[in-house]
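Take a look at the letters that make up each chain.
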Amino acid sequence: MLPIHSIIVASIFISIISCQTIYELLDSFRFLNEGTISSSDIYEYQYEFSAYTEPENVTRENFAWVEESVRPYLYQTDPTEPLQCNSNPLLSGTDLPGADFLSIIPSSADASHCVTLCCTYISCVAWSYASLAPSDFNGCKKQQPCCYLKTYIPASSHDPNIISAIMNRTYPYNHPPTGLRSAVPLGGITTGSIELRGDGTFHEWTVENQSPAAGAKFGVVDDALLAIRLKNLESNETHTRLIRTHPNHYFKGIDTIKYHGSYPVSKLELIDSTLIANMDLYAYSTLKVGDLNRSMTPAIIFSLNIENPNDYSISVDFMFNVPLSVQIDQTRLSKNVIRQITTNTYAECLSFCDQNNLCASWNWFITDNQNTCLLYSDIGNNVYLNGHVSGVRGQWTYNQTGPLVLNRPGKMTANGQYLLWPMLSSDQTMTATIDNDINNLLSNFSTNGGWFQQTEIEGSAAANGAVSISTKLQPGEKKTASILFAWYFPHHYWLDLPLDNYYSLLFNNVTDVGKSLGIDKTDGQLKIIVKDILTLHNIYFNSSLPDYLVDSLINSVSHMRSAMYFSNGDWRQWEAYDCNDVDSVHNDHQRHIPYILYFPETEKIKMYTWAKYQQADGMIQETFSVGCMGDTAPYDQHGGRNMGDVTTIFILETLELYRWTNDFTFLKDMYPHVVAGIQWQLSVSTQLGLPEHLECTYDIPNMSQYPTTTFNSFMHLAALRACMELSYIMNDTVTYGKCSKSFIIAIKQINQLLWYNDSIDTGYFLAYTGGQGEKAIFTDALYGQVLAFTYGLGPLYNISIMKKHLESEVRLADTPYGLRMLTGREPLTNPQDNSIWMGASQDWSVLNLWFNMDFNSALIQSEKGLNNVRITLNDQWNIHGLYAADGYGIGGKPWITSHYGFHMVLWHLPFAITGQYTDLSRGILLFSPKLRPPFILPALIPNTLGSISATPLLNGQSSYTFSLTIGSLSLNILAINNVKHPGSVNLTAGQSVQWIG
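Residues numbered from 1 in each chain as written. Predicted model: local features only at pLDDT ≥ 70, side-chain atom pairs only at ≥ 80, totals over all residues. Heavy atoms only, no water.

## Observations concerning the overall build of the protein
Helix and strand content of the protein: 22 helices and 56 strands. A compact globule built from 997 residues would reach a C-alpha radius of gyration of about 30 Å, and the protein, at 29 Å, matches this within 12%. Principal-axis analysis of the C-alpha atoms gives the protein an extent of 85 × 80 × 55 Å. Long-range pairs, those at least 24 residues apart, make up 69% of the contacts in the protein between residues at least 6 apart in sequence. As displayed, the protein has an accessible area near 34300 Å², and 49% of this comes from carbon and sulfur atoms. (Helix = DSSP H or I, 4+ residues; strand = E, 2+ residues; numbered from the N terminus. Rg over C-alpha atoms; globule rule 2.2 N^0.38 Å. Contact = heavy atoms within 4.5 Å. Areas by Shrake-Rupley, 256 points an atom, 1.4 Å probe, with all protein chains shown as cover.)

Have a look at this one:
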């Protein structure tokens with residue numbers, strides 16, 4: 001939260017940044033997270049229980065990136081804590097039924113093998129052994145020996161055929177620092193991304209069009225290396241360091257790196273007492289609100305801020321090597337072999353492919369002590385396979401006046417170009433080289449600070465390509481050395497369907513990408529890129545929002561990493577890489593607010609497509625491509641389930657987009673689909689007056705088995721209220737009448753069927769009707785009310801009753817990690833109900849803010865849920881959809897679906913905090929902030945961002961200011977706390993209005 005004394009300073013920040021150097025601009029980036037990684041730290045993966053998540057190493061093409069039952073999760077090992085893992089005395093004739101997360105056939109019929117297997121998994125606390133399994137179960141087969149591994153200790157029972165044991169083990173494992181489990185994804189939106197982790201390693205590489213509809217990501221690219229060489233120009237002493245805490249070659253690394261991330265920026269502070277310069281490494285990509293084309297630049301910039309604190313001059317050489325012609329532990333899936341050769345090394349295989357004009361890709365591996373090189377006439381998709389090395393045919397080019405470029409000609413997904421290009425000024429020089437031997441490349445850099453003998457490269461093949469930039473600093477001087485890493489892979493494939501990337505319409509080749517950033521000129525374009533990011537960031541950093549929320553808002557936008565934009569105009573996005581359906585309406589709406597604010601055209605594209613695929617009966621189909629955890633479906637093979645939060649959301653988003661963008665053409669196009677959707681919504685509510693037997697986004701508990709649910713009923717209310725607004729605008733009295741009448745009926749039915757008083761003073765909405773008479777409570781049941789408030793529809797139901805329900809959610813369903821999804825139906829050892837879905841805690845806070853709960857009290861649940869990921873797990877760039885609750889051994893840990901958008905309902909929080917009401921169709925913008933003056937808070941409108949602020953005056957009034965930072969805005973009515981600005985408002989970026997009341 002911005003201190004009050006800083007509010008005035010914040011208002012003049014934009015004018016200050018215009019005259020800063022690139023060093024000063026980079027240094028002004030702010031961060032609200034930090035991870036300190038030291039070279040002495042020990043990090044290792046431990047295997048633990050999960051339902052399904054995304055693995056680092058993907059082994060299948062055209063398939064979800066999914067791993068079930070167990071997952072490796074990175075931990076920091078405490079060397080001062082003893083590691084112990086063995087069994088307590090065996091319990092013969094004792095079964096521990098239940099709690100199984102794995103069942104494995106041991107290598108022989110010996111119960112002692114179960115001890116070894118259990119110790120393999122950090123989640124295993126007990127086991128049972130059957131010499132002859134009574135039935136097939138998970139990995140075990142009937143009448144074969146079986147080890148049943150347990151995540152908690154269930155009640156025992158007598159069984160003469162079973163041996164069990166409870167483990168005696170220690171856990172010398174701590175959560176690693178921020179920046180190791182995940183980091184900011186770098187790269188232009190829809191162009192693929194790469195993570196630079198806090199130890200200096202590169203992960204999650206998807207820039208070659210990898211996706212569940214094609215090949216696998218590169219989980220780790222270990223020889224992608226940043227390095228520095230420092231020279232004391234008085235003594236000529238030199239020091240070369242890899243920018244790694246745990247270097248993978250025979251060169252020293254950095255003693256300590258501090259990692260920070262604010263999307264789309266990573267910062268690595270290099271801390272080492274032996275270094276003769278102070279250095280911070282920044283890695284960043286383009287992001288400009290309202291300019292999607294600019295934000296789709298396929299590039300990452302690495303800028304090294306250098307300060308010479310000495311009384312002598314120094315020289316600094318900064319290099320980046322990328323092994324772009326080889327993929328370690330990756331194989332190419334092709335049957336079109338044109339030659340099989342025995343070679344000693346994979347570099348020889350690469351060379352054979354380069355010399356054969358028919359060769360498009362290659363694969364090298366060792367089987368039965370035989371080194372085999374296969375040359376292919378095509379380029380199959382890549383997947384992870386340990387010990388294999390593969391590559392795509394390509395040649396490097398370079399001359400001293402331009403970049404180092406790798407060309408891979410062709411029309412497949414991995415055909416394209418890479419570029420390495422230092423940003424040069426008059427006192428900086430560059431060199432470049434290629435080499436099959438990474439150690440030779442590094443040795444020459446360490447000796448000479450570059451590869452000055454290499455003046456030209458023309459059509460040569462090699463595993464590695466590297467560039468360096470060199471400069472000198474006088475005592476006390478500060479400089480920045482920058483290297484651009486860009487790519488151009490225009491040919492996206494969806495299974496066998498070619499879909500070129502939209503960015504191929506913006507650039508002709510990778511050199512165009514570099515020139516668009518001014519890399520061949522001055523650092524002026526870099527300054528603009530950084531200023532664009534700072535301008536956006538400071539809307540949040542310079543506000544009174546709490547720090548955890550600022551950090552979460554800024555970094556949640558990294559969810560755009562999985563978006564796709566094709567040259568045919570289609571914008572698409574995976575639900576998740578491990579749940580490979582595309583743009584399911586309900587999941588999309590959870591994450592959509594930053595998209596609609598920063599790039600509203602992307603949401604409109606999806607709305608038109610959902611309308612296009614609407615069924616004849618009026619139901620909006622759930623998703624563009626159906627699937628999860630399996631084979632990827634053909635492109636736009638639309639379909640899905642009958643759901644209570646799909647057609648309703650389509651109706652609500654029509655109103656939202658119209659009010660927030662004032663696009664009447666859009667409304668006219670959507671309105672017939674809204675009317676048809678209402679007809680379907682009413683048709684599935686004929687018996688109860690509420691939606692009947694519909695699924696919803698909370699699909700794991702199978703809520704569609706029940707006659708009706710509170711969640712779907714409140715979505716129904718919100719859609720009916722939106723229908724009334726839209727039909728009024730369209731002068732459609734018939735539809736208005738239907739929706740108004742149905743709304744009244746629905747309220748009465750909720751009163752009768754769903755409200756339950758569990759005491760004189762307390763009560764809650766039942767999760768569902770029917771069942772076995774249980775009185776279950778469902779958190780996030782009032783999600784429809786969240787949407788209604790944000791979109792200006794007001795309360796849907798009696799506020800005091802809704803507040804009672806929210807109180808009961810905490811009373812009955814609170815956990816240390818957030819609100820439990822469903823309570824009262826299943827025992828707490830059942831993860832089906834007892835799990836933390838990341839939306840509920842955020843929505844609880846949103847509603848309590850609208851209900852005027854004390855500000856800090858209202859945010860307790862939101863902060864708890866997000867900080868479990870930000871501060872405990874230190875994994876905020878891989879937020880999962882579900883986390884485990886206590887009861888089955890892995891409380892607070894990731895449980896289901898990685899890189900998910902469920903938590904992004906947190907974007908309703910700033911609207912609740914400011915009480916923002918937006919209706920640009922009438923030129924109205926109103927705020928009812930939940931904070932007392934003084935405050936400064938974000939104002940959020942599509943393509944138009946700014947702030948509101950208030951300062952108390954001695955006469956009891958307040959001075960109000962509305963400042964526009966991005967975009968332009970015309971209003972008829974502007975008011976804060978019911979105090980209207982006198983007259984209309986017309987503003988462009990950088991302008992503000994002020995009034996008193």
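So much for the structure itself; the text now carries on.
## Examining the confidence of the model for the protein
Confidence in the prediction of the protein, expressed as mean pLDDT, is 95, and 98% of residues score 70 or more. Under a pLDDT of 50 for its full length, residues 2-17 has, in the predicted model, 18 contacts with residues more than four places off or in other chains. (pLDDT = per-residue confidence, 0-100.)

## Section: a nonpolar patch on the surface
On the surface, a nonpolar cluster with roughly 410 Å² of combined accessible area is contributed by Phe 664, Tyr 728, Ile 729 and Tyr 736. As for its position among the elements, Tyr 736 is in helix α16 (residues 733-753). (Patch = residues over 30% accessible without salt bridge, like charges linked within 9 Å, V, L, I, M, F, W, Y side chains within 5 Å. Salt bridge = Lys/Arg side-chain N within 4 Å of Asp/Glu carboxyl O.)

## Considering the domain arrangement of the protein
Per the domain assignment, the segments making up the protein are domain 1 (84-170), domain 2 (328-391), domain 3 (641-913) and domain 4 (915-996). Taken over C-alpha atoms, the centre of domain 1 sits 43 Å from the centre of domain 2. (Domains from an automatic or database assignment.)

## As for the packing of aromatic side chains
Two numbers describe a pair of aromatic rings. These are the distance of the centres and the angle of the planes. A complete count under the given rule lists 55 aromatic pairs for this structure. Summarising the aromatic geometry, the rings of Phe 566 and Tyr 635 are spaced 5.9 Å apart at their centres and angled 70° between planes, so their arrangement reads as edge-to-face. Linking Phe 566 in the loop between β36 (563-565) and β37 (571-573) with Tyr 635 in the loop between α12 (600-612) and α13 (647-661), this pair joins segments that are 69 residues apart in sequence. Relative accessible area serves as the criterion here: at 1%, Phe 566 is assigned to the buried category. Their ring planes at 75° and their centres at 5.3 Å tell us that Phe 765 and Tyr 797 sit as a pair that is edge-to-face. (Phe/Tyr/Trp six-rings, centres within 6.5 Å; stacked < 30°, edge-to-face > 60°. Buried < 20%, exposed > 50% of the residue type's maximum accessible area, 1.4 Å probe, protein only.)

## As for the pairing of strand β8 (residues 146-150)
For β8, the tally of buried residues reaches five of five residues, placing the bulk of the element in the interior. Of the two faces of β8, the one lined by Cys 146, Tyr 148 and Lys 150 and the one lined by Cys 147 and Leu 149 are each fully buried. Judged from the four bridges that link them, strand β6 (residues 100-104) and β8 form a sheet pairing that is antiparallel. Paired with Leu 102 across the two strands is Leu 149, which belongs to β8. As paired elements, strand β7 (residues 126-130) and β8 share five bridges and run antiparallel to each other. Following the sheet pairing, Ser 128 is matched in β8 by Tyr 148. (Pairing = 2+ DSSP bridges.)

## Quick look at the pattern of salt bridges
Summed over all chains, the structure comprises 31 salt bridges. Residue Arg 870 is joined to Asp 551 by a salt bridge in which the shortest nitrogen-to-oxygen separation is 2.9 Å. Within this pair, whereas Arg 870 is found in helix α21 (residues 860-872), its partner Asp 551 is found in helix α10 (residues 547-556), the two being separated by 319 residues in sequence. The exposure class assigned to Arg 870 is buried, which follows from its relative accessible area of 9%. For the salt bridge of Asp 570 with Arg 572, the shortest nitrogen-to-oxygen distance reads 3.6 Å.

## Quick look at the side chain of Ser 164
Note on placement: Ser 164 falls in strand β9 (residues 157-169). Taking relative accessible area as the criterion, Ser 164 reaches 0% and is therefore assigned buried. At 2.6 Å, the side chain of Ser 164 forms a polar contact with the backbone oxygen of Thr 94. The contacts of Ser 164, once residues within four sequence positions are left out, are Leu 90, Leu 91, Thr 94, Asp 95, Leu 96, Trp 127 and Ser 128. (Polar contact = N/O pair within 3.5 Å; in protein donor to acceptor, adjacent residues only side chain to side chain.)

## With respect to the UniProt feature "domain: Glycosyl-hydrolase family 116 N-terminal" (unreviewed entry) in the protein
Summarizing the sequence annotation, UniProt attributes the feature "domain: Glycosyl-hydrolase family 116 N-terminal" (unreviewed entry) to residues 183-507 in the numbering used throughout. As annotated, residues 183-507 has a helix share of 8% and a strand share of 50%, and its two end C-alpha atoms lie 28 Å apart. (UniProt positions renumbered as here; feature names shortened; annotations may be inferred.)

## Here we look at the state of the cysteines
Going through the model one piece at a time under the given rule, you end up with eight disulfides. Each disulfide pairs two cysteine sulfurs, and for Cys 118 the partner residue is Cys 124, the sulfurs being separated by 1.9 Å. Handedness here is read from the sign of the S-S torsion; for Cys 118 and Cys 124, about -100°, the answer is left-handed. When sorted by exposure, Cys 118 lands in the same class as Cys 124, which is buried. Of the cysteine sulfurs around Cys 696, a residue in no disulfide, the closest is that of Cys 579, at 14 Å. Residue Cys 696 is classed as buried on the basis of its relative accessible area of 2%. (Disulfide = S-S within 2.5 Å.)

## Some words on the sheet that holds strand β51 (residues 958-966)
One open sheet accounts for four strands, arranged β49-β50-β51-β56; its pairing is antiparallel. Both outer strands of the open sheet, β49 (935-941) and β56 (992-996), are each paired with one neighbouring strand and no more. Sheet twist, expressed as the average angle between the axes of neighbouring strands with direction ignored, equals 20°. (Axes fitted to C-alpha atoms, helices over the stretch in contact; angles between N-to-C directions.)

## So, the side chain of Asn 415
Positionally, Asn 415 belongs in the loop between β28 (404-408) and β29 (416-423). Side-chain polar atoms of Asn 415 contact the backbone oxygen of Pro 409, separated by 2.9 Å. Side-chain polar atoms of Asn 415 contact the backbone nitrogen of Met 412, separated by 2.8 Å.

## Describing the packing of α12 against helix α14 (residues 664-683)
Contact geometry of α12 with α14 gives a least axis separation of 10 Å together with a crossing angle of 30°. One finds that α12 runs roughly parallel with respect to α14. Our pair here, α12 against α14, has a crossing hand that is left-handed. Residues Lys 604, Met 607, Tyr 608 and Ala 611 of α12 form the contact with α14, whose participating residues are Thr 665, Phe 666, Asp 669, Met 670 and His 673. For the contact of α12 with α14, a count of residues per class yields five nonpolar, two polar and two charged. (Parallel < 35°, antiparallel > 145°, perpendicular 65-115°, else oblique. Left-handed = near helix turned anticlockwise from the far one by under 90°. Nonpolar A, V, L, I, M, F, W, Y, C, P; charged D, E, K, R; others polar.)

## A closer look at the environment of Ser 963
Mapped onto the elements of the fold, Ser 963 is located in strand β51. Classification of Ser 963 as partly exposed rests on a relative accessible area of 22%. C-alpha separation for the pair Ser 963 and Gln 355, spaced 608 residues apart in sequence, amounts to 62 Å.

## Looking at the packing of helix α11 (residues 585-598) against α13
Where α11 meets α13, the axes come as close as 11 Å, and the angle between the chain directions of the two elements is 10°. By the angle class used here, α11 and α13 are roughly parallel. Taken together, the residues of α13 that come into contact with α11 (itself represented by Val 585, His 586, His 589, His 592, Ile 596 and Leu 597) are Ile 649, Phe 650, Glu 653, Glu 656, Leu 657 and Trp 660.

## Points about the nonpolar core
With 291 residues, the main nonpolar core has Trp 205, Phe 302, Phe 318, Phe 485, Tyr 598, Trp 907 and Phe 962 as its most contacted residues. In terms of residues, this core owes the most to one element, helix α15 (residues 710-729), which gives 11 residues. Counting residues in hydrophobic clusters, the runner-up holds 12 residues, among them Val 326, Cys 359, Trp 362 and Ala 463. (Core = buried A, V, L, I, M, F, W, Y, C linked by side-chain atoms within 4.5 Å.)

## Side note on the sheet that holds strand β26 (residues 382-392)
The sheet built from five strands is open, its strands ordered β22-β26-β24-β25-β23 with antiparallel pairing. One side of each edge strand has no neighbouring strand; the edge strands of this open sheet are β22 (327-332) and β23 (337-342). Averaged over all pairs of adjacent strands, the angle between strand axes in this sheet comes to 40°, irrespective of strand direction. Note that strand β24 (residues 361-367) and strand β25 (residues 370-376) share seven bridges and pair antiparallel. Following the sheet pairing, Asn 363 is matched in β25 by Leu 374. Docked against the sheet, helix α6 (residues 346-355) engages β22, β23, β24, β25 and β26, running at close to 150° with respect to β24.

## Side note on unusual backbone geometry
Of the consecutive residues Tyr 263 and Pro 264, the connecting peptide bond is found in the cis state with omega at 5°. Relative to the assigned elements, Pro 264 resides in the loop between β17 (256-262) and β18 (265-271). Residue Pro 933 is joined to Pro 934 through a cis peptide bond whose omega torsion reads 5°. If you trace the backbone, Pro 934 turns up in the loop between β48 (924-927) and β49. Notably, Asn 369 is not glycine yet its phi reads approximately 60°, a positive angle. Checked against the element boundaries, Asn 369 lands in the loop between β24 and β25. In this structure Asn 369 comes out as exposed when scored by relative accessible area, which is 78%.

## So, the pairing of strand β34 (residues 491-494)
With burial as the criterion, each face of β34 is covered, one bearing His 491 and Tyr 493 and the other bearing His 492 and Trp 494. Where β34 and strand β35 (residues 497-500) come together, four bridges link them in antiparallel fashion. Among the inter-strand pairings, Tyr 493 is bridged to a residue of β35, identified as Pro 498. Counted between consecutive antiparallel strands, the loop separating β34 from β35 contains two residues, among which Leu 495 sits at a positive phi close to 55°.

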